[in-house]
Amino acid sequence: MTTTMDYDLILNKIYKEVQPLANDGKQADYIKPLAEVNPDQFGICIQLLDGKTYEIGDSNVRFSIQSISKVFSLAIVLSILGKDLWKRMGKEPSGSSFNSLVQLEYEHGIPRNPFINAGALVLADIMISQISNPEQFFLDFVRNLSGSDTIDYNHHVASAELETNYLNAAIANLLKYHHNIDNKIDDVLHLYSTMCSLEMSCRELSHAFLAFARSNEPFSHYGVELSVSRVKRLNAIMQTCGFYDEAGEFSFLVGLPGKSGVGGGIAAIYPSKYSITAWSPRLNSKGNSILGMKALELFTTETRESIF
């Protein structure tokens with residue numbers, strides 16, 4: 001890595017440059033507590049593998065990470081099942097909405113990848129089968145990765161999501177029909193919604209994602225063990241599937257493996273160099289943070305540090 005890179009200067013430049021977009025988009029409104037979040041917040045944090053941290057804006061404000069949680073659940077399940085996981089789901093970009101029933105029916109109950117809702121529901125099902133207290137294990141695992149023992153679920157968010165989860169319930173029932181859910185549907189939906197409700201800041205997320213940026217080292221955290229090869233494969237899934245039907249756009253504009261969530265967060269990595277997280281609640285039509293997407297595009301353009 002170029003030792004003379006002035007990340008503070010770069011982040012300040014990006015922060016100012018994205019401001020014309022600050023009022024574009026809106027928060028996710030199908031989960032009521034997310035719609036109530038102050039939309040004018042924006043933070044960025046980059047953490048280098050050498051331990052240095054650079055941040056700007058609301059980088060220490062915790063927010064609902066939502067689908068970014070799927071990276072952590074994938075790591076857990078991949079550690080447990082290894083290559084057998086891919087008997088229950090694929091590794092291909094969806095090309096469809098993250099909550100598509102049509103695609104799941106067409107493909108006979110095998111989710112296209114772990115990051116669409118159907119795939120994440122199967123991950124939750126496996127965790128219930130394999131871990132005695134998956135909700136607590138998941139929380140402790142993320143706390144371990146982030147170095148913060150005060151990270152917690154927002155049960156108000158989880159409850160609100162469960163109250164309106166008709167489509168996820170339909171997906172889970174379809175998975176059950178195709179024998180790709182083993183446990184009670186209500187238990188699977190509860191774990192899934194709880195994991196999505198986890199609240200973290202940009203700084204905490206960046207620290208947690210550093211573990212995936214160490215792509216030349218085996219992953220070993222809180223009993224979750226992944227070989228170098230599996231870390232690279234997990235990163236590949238982030239590269240191709242981390243942004244649903246906008247994954248190609250993110251690869252084209254940003255060029256990093258990453259994962260977004262409808263809470264407005266985006267976490268990404270440059271293998272063997274850094275992790276970076278951006279957060280702003282206002283989303284585009286694909287459910288990704290407008291300021292976050294633009295900030296990361298400008299960051300890799302300015303630094304010339306993408307994987308391509």
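Per-chain numbering applies: the sequence of each chain, read as written, is numbered from 1 onward. Side-chain atom pairs in this predicted model are given and counted only at pLDDT of 80 or more, local residue features only at pLDDT of at least 70, and totals for whole chains, interfaces and linings cover all residues. Where side-chain values are given, they derive from all heavy atoms of the structure, hydrogens and water being excluded.

Asker: Lay out the environment of Leu205 in plain terms, naming residues and giving numbers.
Answerer: To qualify as a helix, a DSSP run of H or I must reach at least 4 residues; to qualify as a strand, a run of E must reach at least 2; elements of each kind are numbered from the N terminus. Mapped onto the secondary structure, Leu205 falls in helix 10 (residues 202–213). What Leu205 contacts, discounting residues up to four positions off in sequence, is Phe63, Ile65, Ile68, Phe72, Met200 and Thr277. Whether two residues are in contact is decided by their heavy atoms, any of which lying within 4.5 Å being enough.

Asker: Talk me through the sheet that holds strand 5 (residues 198–200); I want residue IDs and the actual numbers.
Answerer: Strand order in the open sheet formed by three strands is 3-5-4, with antiparallel pairing between adjacent strands. Edge positions in the sheet fall to strand 3 (63–64) and strand 4 (152–153), since each has one partner strand and no second. By this definition, two strands are paired if DSSP reports at least two bridges between them. As paired elements, strand 3 and strand 5 share two bridges and run antiparallel to each other. Bridge pairing in strand 5 links Ser64 to Glu199. Strand contacts of helix 9 (residues 185–196): strand 3, strand 4 and strand 5, with the helix running at about 10 degrees to strand 5, the strand carrying the most contacts. Its contacts with the sheet place helix 10 against strand 3 and strand 5, and it is angled at close to 100 degrees to strand 5. Helix axes are fitted only over the stretch in contact, all axes being lines through C-alpha atoms; the angle between N-to-C directions runs from 0 to 180 degrees.

Asker: Can you break down the packing of aromatic side chains residue by residue, with the values?
Answerer: Centre distance within 6.5 Å is the pairing criterion for rings of Phe, Tyr and Trp, where only the six-membered ring of Trp is used; planes under 30 degrees apart are then read as stacked, over 60 as edge-to-face, and the remainder as tilted. Inspection of every chain in the model, using the stated rule, returns 14 aromatic pairs. With a centroid separation of 5.3 Å and 50 degrees between ring planes, the pair formed by Phe137 and Tyr222 is classed as tilted. Of the two residues, Phe137 is situated in helix 6 (residues 134–146) and Tyr222 in the loop between strand 6 (219–221) and strand 7 (224–226); the sequence distance between them amounts to 85 residues. For Phe137, a relative accessible area of 22% translates into the label partly exposed. Whether a residue is buried, partly exposed or exposed follows from its accessible area with a 1.4 Å probe, protein chains only, as a fraction of its type maximum: under 20%, in between, or over 50%, in that order.

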